Amino acid sequence: MPELPEVETIAAGLRAGIVGREIKAARCRLPKLLRGTRPEALEALAGTRISSVRRRGKILIVEAPPRALLFHLKMTGQFSWARSGRPSDKHTHFVLSFAGAAEELRFRDVRKFGFLRCLPCGEVDTCDEVGRLGPEPLEITLTEFAARLGARKGRLKSVLLDQRVLAGVGNIYADETLHAAGLHPLTAANRLNAAERKQLWSALRRILKAAIAAGGSSIRDYRGVEGELGDFQTRHKVYGRAGVTCRRCGGTIRRIVVGGRATFYCPSCQRKKR
Ligand SMILES: [Zn+2]
């Protein structure tokens, strides 16, 4: 699933391509893609102009005042450009076309877990999908980060994945961050001392910034808007590397399941805290 760095990369790609453009039509071919949105709401987008594209957690927000479109790509959602009128495949569920443009923006989703919501701009930050999100990991201060972790008894891996604690971290970046910080995924969040909380906070920032700079991690279906691949997967130290030698200590990376999620870590440089 695209996580913070991938969605950030997609937002940057879309921003370059659609901000300032006037929407000609917004068409949805898969009613189940729409969440809390009647198909007529999409018709009202025609003639409005896109003013911004931003990201909140793993959600992409496209504003065309007075309305905004929220996209969650979930497992396999992708955007791409195609010449208007050219046939699209059965996985293309939403199309945005623009006045005076030869190309249209298409949203494909093979597994159909993604969703789209259209709502007034003023309701974006308080709607169900966005309002419950925790702070952005690249904006949260160390003090607030430490307070949030200190209030959680859950295991570090699960706490990092909890979007109410922090928004945008998923399986890849949780595992890579815990490895970079030398912390075991099963350690309880409230057991960390001040130094460890700081290590975790800075590792998270470092990893996310490096991943954004690399255009995200292209595993499975992830592509940027122009079809480009991210490069951060070549720098994964633990994610997807079970049985491989740890690049830091020479130990062997192990795979376990935490809260139903595959979790990769190095037992020698990430010791469990009791
Ligand atoms: Zn190691």
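Chemist: Just checking my understanding: could you explain the pattern of salt bridges for this structure?
Modeler: It is possible for side chains of opposite charge to pair when their charged atoms get near one another. Applying the stated criterion to the full structure yields 17 salt bridges. As a salt-bridge pair, Glu 63 and Arg 54 come within 3.7 Å of each other at their nearest N and O atoms. Residue Arg 54 is classed as partly exposed on the basis of its relative accessible area, which comes to 27%. A salt bridge links Glu 104 to Arg 106; the shortest N-O distance between them is 2.9 Å.

Chemist: I tried to follow helix α6 (residues 171-181) on my own but got confused; where do I start?
Modeler: Quick reminder: α-helices carry 3.6 residues per turn. Residues three or four places apart thus point the same way. Most of α6 is tucked away: 10 of the 11 residues are buried. Within α6, burial applies to Asn 171, Ile 172, Tyr 173, Ala 174, Asp 175, Glu 176, Thr 177, Leu 178, His 179 and Ala 181. Along its buried surface, α6 packs onto α1 (4-18), α5 (156-161), α7 (194-213) and β10 (261-265). Just downstream of α6 lies Gly 182, where phi reads positive at about 70°.

Chemist: Please explain the coordination of the zinc ion as it appears in this structure.
Modeler: Reference values for coordination geometry: four tetrahedral donors around a metal ideally subtend 109.5 degrees, six octahedral donors ideally subtend 90 or 180 degrees. Here the zinc ion is held by the protein donor atoms Cys 246 (SG), Cys 249 (SG), Cys 266 (SG) and Cys 269 (SG), which lie 2.2 to 2.3 Å from it. Because the angles between the four donor atoms bound to the zinc ion fall within 97 to 121°, the donor set is best described as tetrahedral. All donor residues of the zinc ion come from one chain, and their arrangement in sequence is C-x2-C-x16-C-x2-C. One end of the pair, Cys 249, is in the loop between α7 and β9 (254-258); the other, Cys 266, is in the segment after β10, with 17 residues separating them in the sequence. Cys 249 sits in the partly exposed class, given a relative accessible area of 39%.

Chemist: Whenever I open this one, the sheet that holds strand β4 (residues 67-72) confuses me. Can you help?
Modeler: Two modes of strand pairing occur in sheets, parallel and antiparallel, and in both the strands are linked by backbone hydrogen bonds. Here we have four strands laid out as an open sheet, ordered β2-β3-β4-β8, and antiparallel in their pairing. A strand with exactly one partner marks an edge of an open sheet, and here the two such strands are β2 (52-56) and β8 (115-120). When the angles between neighbouring strand axes are averaged without regard to direction, this sheet yields 20°. Inspection of the sheet shows strand β3 (residues 59-64) paired to β4 by six bridges, in the antiparallel sense. If you follow Glu 63 over to β4, its bridge partner there is Ala 68. On top of the sheet, α1 reaches β2 and β3; it is set at about 175° to β2, its chief contact.

Conventions and cut-offs
Residues numbered from 1 in each chain as written. Predicted model: local features only at pLDDT ≥ 70, side-chain atom pairs only at ≥ 80, totals over all residues. Heavy atoms only, no water. Salt bridge = Lys/Arg side-chain N within 4 Å of Asp/Glu carboxyl O. Buried < 20%, exposed > 50% of the residue type's maximum accessible area, 1.4 Å probe, protein only. Helix = DSSP H or I, 4+ residues; strand = E, 2+ residues; numbered from the N terminus. Contact = heavy atoms within 4.5 Å. Donors = N, O, S within 2.8 Å, 3.2 Å for Na, K, Ca; no water. Tetrahedral: all angles 85-135°; square planar, octahedral: opposite > 155°, others 65-115°. Pairing = 2+ DSSP bridges. Axes fitted to C-alpha atoms, helices over the stretch in contact; angles between N-to-C directions.

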